Amino acid sequence: MKKDFLKYQAQTGPAPLSIEVSHAKGTYVYDVSHKKYLDFVAGVSANTLGHSHPKIVEAVQKQAASYMHVMVYGEYIQKPAVEFTKLLAKLLPGPLETTYLVNSGTEAIEGAMKLAKRATGRSGLIAAKHAYHGNTQGSMSLMGFEPRKQAYRPLLPGISFIEYNNENDLYNITEDTAGVLLETIQGGAGFIEPKNGYLKKVKARCEEVGALLILDEIQPGFGRTGTLFGFMNYQVVPDILVMGKGMAGGMPVGAFTASHDMMTLLKEAPKMGHITTFGGHPVIAAAALATLQELTSSNLIPQTLEKEKLFRSLLVHPLIKGIRGKGLMLAIILEDPEIVNFLVLEGMKKGLLLFWLLFEPKAVRITPPLTISNEEIEEGCTAILELLEEWDSQNVN
Ligand SMILES: Cc1ncc(COP(=O)(O)O)c(C=O)c1O
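Residues numbered from 1 in each chain as written. Predicted model: local features only at pLDDT ≥ 70, side-chain atom pairs only at ≥ 80, totals over all residues. Heavy atoms only, no water.

Asker: Describe in detail the environment of Lys-129, supporting the description with residues and values.
Answerer: Along the polypeptide, Lys-129 turns up in the loop between strand S5 (124-128) and helix H6 (137-141). When its relative accessible area of 40% is taken as the criterion, Lys-129 is described as partly exposed. Residue contacts for Lys-129: discarding those within four places in its chain leaves Gly-144, Phe-161, Ile-162, Glu-163 and Gln-186. (Helix = DSSP H or I, 4+ residues; strand = E, 2+ residues; numbered from the N terminus. Buried < 20%, exposed > 50% of the residue type's maximum accessible area, 1.4 Å probe, protein only. Contact = heavy atoms within 4.5 Å.)

Structure representation (structure tokens):
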């Protein structure tokens, strides 16, 4: 199977982890040789409720048996999408009310970029250095890391970059700026949180010059940082909110939300300003609704902060230089990328799934399902500490 995987399925890198998955349940992934792996990655922040959560499975199966794709986005009334967007609106602060459902995070970013241009009549967009917003060419234009996009130029014009958390850069937001697109917590950069009211200051500057604040919540969203969305921790409300990943508990999805008035712009002059065949798919929307209902009817969201404390109390070792992030969006910072590679690769052999962050080679990602138990956290952290001891013993001069 591995030979076929490498030959027939297009690859993204030279050394894929290549676990041959048999099944996955709760916080564990199982391979075809019956080995089980404790999952500290959750499909890169996507499996909010763990693998194959019974409520999501039930919602998907019920909806699939009832109807699947019947029409392109926005023409027919399909209950799962209507119920999901209505519940989301109830949980969001004004003016965030109307949601456009798409198929992936990067597509949601594309929609948000277009909406900002329509709403302001401007074309300039500002993103942050070391930002990651996806891999289609619009989102890639916002990527604040030249080595990964150089080969694909020319990309979109009119995009400039500011340093995240640097207030001195805010003067770059001007009357030519349609929108400032930021991750609420920078993911690929190494789980960098906004400091000293940074996001509030960005919003204030945006208001001064008539630009929009667009927050990418594709990673922190849906409960990972102790609140339903990360921005709720920082006393700021974006003009456009972008979502994806954990939104449908492991099904492919993306969405962007704005005021009802603003969203109206995409349907006229010209009409069909943003269209998609599968966006709002009933099976995916049913999974998103089940995920949101479970998140809001349980204590999983506040518990992420307790679980963060447990991680921080257990992950103490001379090789760990710091832990960044919030809730269950954490990154262990090590002094050397080699230790990161050792943890990820040897962790996998030991039955613990860890992963890299895109632009911070000294960080190990810890983004488990929100349903992870304290015992599982202890089990995984013990494995990490053992691995660090092994590294130490192999690397004494
Ligand atoms: C912050 C952020 N924005 C956008 C994306 C792109 O989402 P997708 O891979 O679903 O297109 C990601 C994916 O990793 C992300 O982490």
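Asker: Before we move on, could you go through the sheet that holds strand S3 (residues 36-39) and cite the residues and values that matter?
Answerer: Spatially, S1-S2-S3-S13 is the arrangement adopted by the four strands of the open sheet, whose pairing is mixed. The open sheet has two edge strands with one neighbour each: strand S1 (21-25) and strand S13 (352-353). Strand direction decides the pairing type here: S1 and strand S2 (residues 28-31), joined by four bridges, are antiparallel. Looking at the pairing, Val-21 lines up with Asp-31 of S2. (Pairing = 2+ DSSP bridges.)

Asker: Could you give an account of the nonpolar core, with specific residues and numbers?
Answerer: Residues Leu-182, Phe-222, Leu-334 and Ile-384 are the most contacted members of the largest nonpolar core, which totals 91 residues. Among the elements that take part in this core, helix H9 (residues 282-297) stands out by supplying ten residues, more than any other. Within the second largest apolar cluster, 24 residues are counted, among which are Val-102, Ala-108, Ala-178 and Ile-240. (Core = buried A, V, L, I, M, F, W, Y, C linked by side-chain atoms within 4.5 Å.)

Asker: Please set out unusual backbone geometry residue by residue, giving values where relevant.
Answerer: Look at the link from Arg-153 to Pro-154: it is a cis peptide, with omega at 5 degrees. The omega torsion across Ala-269 and Pro-270 is 0 degrees, close enough to zero to call that bond cis. Structurally, the position occupied by Pro-270 is in the loop between helix H8 (260-264) and H9. Despite not being glycine, His-34 shows a phi value in the positive range, around 70 degrees. Judged by relative accessible area, His-34 falls into the exposed class, the value being 72%.

Asker: Any details on the sheet that holds strand S15 (residues 363-366)? Residues and values, ideally.
Answerer: Read across the sheet, four strands follow the order S11-S12-S15-S14 without closing on themselves; strand pairing throughout is antiparallel. A strand with exactly one partner marks an edge of an open sheet, and here the two such strands are strand S11 (320-326) and strand S14 (355-356). Pairing analysis gives four bridges linking strand S12 (residues 329-334) to S15, with the strands arranged antiparallel. If you follow Ile-332 over to S15, its bridge partner there is Val-364.

Asker: Which residues make up the site of the ligand, and what values do they have?
Answerer: Neighbouring residues of the ligand: Ser-104, Gly-105, Thr-106, Tyr-132, His-133, Gly-134, Glu-183, Asp-216, Ile-218, Gln-219 and Lys-245. Within the backbone of Gly-105, a nitrogen or oxygen atom sits 2.8 Å from an oxygen atom of the ligand. Here Thr-106 contributes a backbone N or O atom positioned 2.8 Å from an oxygen atom of the ligand. Considered on its own, the ligand offers 390 Å² of accessible surface; in the complex 80% of this is hidden by protein. Residue composition of the shell around the ligand, by class: two nonpolar, six polar and three charged. (Near = heavy atom within 4 Å. Polar contact = N/O pair within 3.5 Å; in protein donor to acceptor, adjacent residues only side chain to side chain. Areas by Shrake-Rupley, 256 points an atom, 1.4 Å probe, with all protein chains shown as cover. Nonpolar A, V, L, I, M, F, W, Y, C, P; charged D, E, K, R; others polar.)

Asker: Tell me about the packing of helix H11 (residues 337-350) against helix H12 (residues 374-394), and please be specific about residues and values.
Answerer: Their axes nearest at 10 Å, the elements H11 and H12 cross at an angle of 125 degrees. Looking at the two axes, H11 sits oblique to H12. For the crossing formed where H11 meets H12, the hand is right-handed. From H11, Glu-338, Ile-339, Phe-342, Leu-343, Glu-346, Gly-347 and Lys-350 reach across to H12, where they touch Ala-383, Ile-384, Glu-386, Leu-387, Leu-388, Glu-390, Trp-391 and Gln-394. Here the contact of H11 with H12 is built from residues that sort into eight nonpolar, two polar and five charged. (Axes fitted to C-alpha atoms, helices over the stretch in contact; angles between N-to-C directions. Parallel < 35°, antiparallel > 145°, perpendicular 65-115°, else oblique. Left-handed = near helix turned anticlockwise from the far one by under 90°.)

Asker: Pulling in residues and values, what's your account of the side chain of Thr-99?
Answerer: Along the chain, the position of Thr-99 falls in strand S4 (residues 98-102). Owing to a relative accessible area of 8%, Thr-99 belongs among the buried residues under this scheme. Separated by 2.7 Å, the side chains of Thr-99 and Thr-257 make a polar contact. In contact with Thr-99, not counting residues within four places along its chain, are Tyr-73, Thr-85, Leu-88, Ala-255, Phe-256 and Thr-257.

Asker: How would you explain the environment of Thr-174 if you had to name every residue and give the values?
Answerer: Here Thr-174 is to be found in the loop between strand S6 (159-162) and strand S7 (177-183). Spatially, the C-alpha atom of Thr-174 lies 8.7 Å from that of Glu-208, the residues being 34 residues apart in sequence. Residues in contact with Thr-174, not counting those within four places in the same chain, are Arg-122, Arg-205 and Val-209.

Asker: Lay out the pairing of S11 with the relevant residues and their values.
Answerer: Of the pairings in the sheet, the one linking S11 to S12 comprises six bridges and is antiparallel in character. Each residue of the ladder has a partner; that of Ile-323, found in S12, is Ile-332. The antiparallel hairpin formed by S11 and S12 contains two residues in its connecting segment, where Gly-327 sits at a positive phi of about 60 degrees.

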